[in-house]
Amino acid sequence: MSDDKRSTTEITLLGRNYVIACPPEERPQLERAARYLDRAMHGIHSRGKVLDSEKVAIMAALNIAHELIRSQDEHRADEENLARLNERLGQALSDLPGSREATS
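It should be emphasised that the depicted structure is a prediction, and the values quoted were computed from it without experimental measurement. (Residues numbered from 1 in each chain as written. Predicted model: local features only at pLDDT ≥ 70, side-chain atom pairs only at ≥ 80, totals over all residues. Heavy atoms only, no water.)

1. Digging into the overall build of the protein chain
For step 1, the next point in the chain: Helix and strand content of the protein chain: 3 helices and 2 strands.
For step 2, the next point in the chain: A globule of 104 residues ought to have a C-alpha radius of gyration of about 13 Å, yet the protein chain, at 24 Å, is considerably larger.
For step 3, the next point in the chain: Based on the C-alpha atoms only, the size of the protein chain along its principal axes is roughly 70 × 45 × 15 Å.
For step 4, the next point in the chain: When contacts within the protein chain are restricted to residue pairs at least 6 apart in sequence, those whose partners lie at least 24 apart make up 25%.
For step 5, the next point in the chain: Carbon and sulfur atoms provide 53% of the accessible area of the protein chain, an area that totals close to 8600 Å². (Helix = DSSP H or I, 4+ residues; strand = E, 2+ residues; numbered from the N terminus. Rg over C-alpha atoms; globule rule 2.2 N^0.38 Å. Contact = heavy atoms within 4.5 Å. Areas by Shrake-Rupley, 256 points an atom, 1.4 Å probe, with all protein chains shown as cover.)

Following this line, the structure appears as structure tokens:
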């Protein structure tokens, strides 16, 4: 697809409009991400300590990256817990009378 025919989407961040190249099938996710970022930027801006929009965007990006890393760590811990529980369940089932492993 040539550059002049790329699909674009307009988003608004902290009151400023931006036109972003985006495939049509990814538009809902981009719009959702933009709303999330806009809320984060407004939250930082409303505190009044950081007024420059570039600094607001950087602080919002850092906060969102922190949320993502924390979420990934929690997800990894949950997967490890499920694997341990699954292993314990498998062992408990194999210890039941009449199970294949117990009779082998």
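2. Digging into the pattern of salt bridges
For step 1, the next point in the chain: In the structure shown here, the tally under the stated rule is 2 salt bridges.
For step 2, the next point in the chain: Ionic pairing is found between Glu31 and Arg27, a salt bridge with its closest N-O pair at 2.8 Å. Pair noted here: Glu31 and Arg27 are both in helix 1 (residues 27–46), with a separation of 4 residues, about one helical turn.
For step 3, the next point in the chain: Residue class for Glu31 comes out partly exposed when judged on its relative accessible area of 25%.
For step 4, the next point in the chain: Salt-bridge contacts for Arg76 lead to Asp73; the nearest nitrogen and oxygen are separated by 3.0 Å. Taken together, the residues Arg76 and Asp73, both in helix 2 (residues 53–94) and 3 residues apart, mark about one turn of the helix.
For step 5, the next point in the chain: Of the residues examined, Asp73 reaches a relative accessible area of 40% and is grouped as partly exposed. (Salt bridge = Lys/Arg side-chain N within 4 Å of Asp/Glu carboxyl O. Buried < 20%, exposed > 50% of the residue type's maximum accessible area, 1.4 Å probe, protein only.)

3. Side note on the side chain of Thr9
For step 1, the next point in the chain: Within the secondary structure, Thr9 is located in strand 1 (residues 8–13).
For step 2, the next point in the chain: The contact partners of Thr9, leaving out residues within four places of it in the chain, are Tyr18, Val19, Ile20, Cys22, Arg27, Leu30 and Glu31.

Fair warning: the whole summary comes from geometry, so function is off the table for now.
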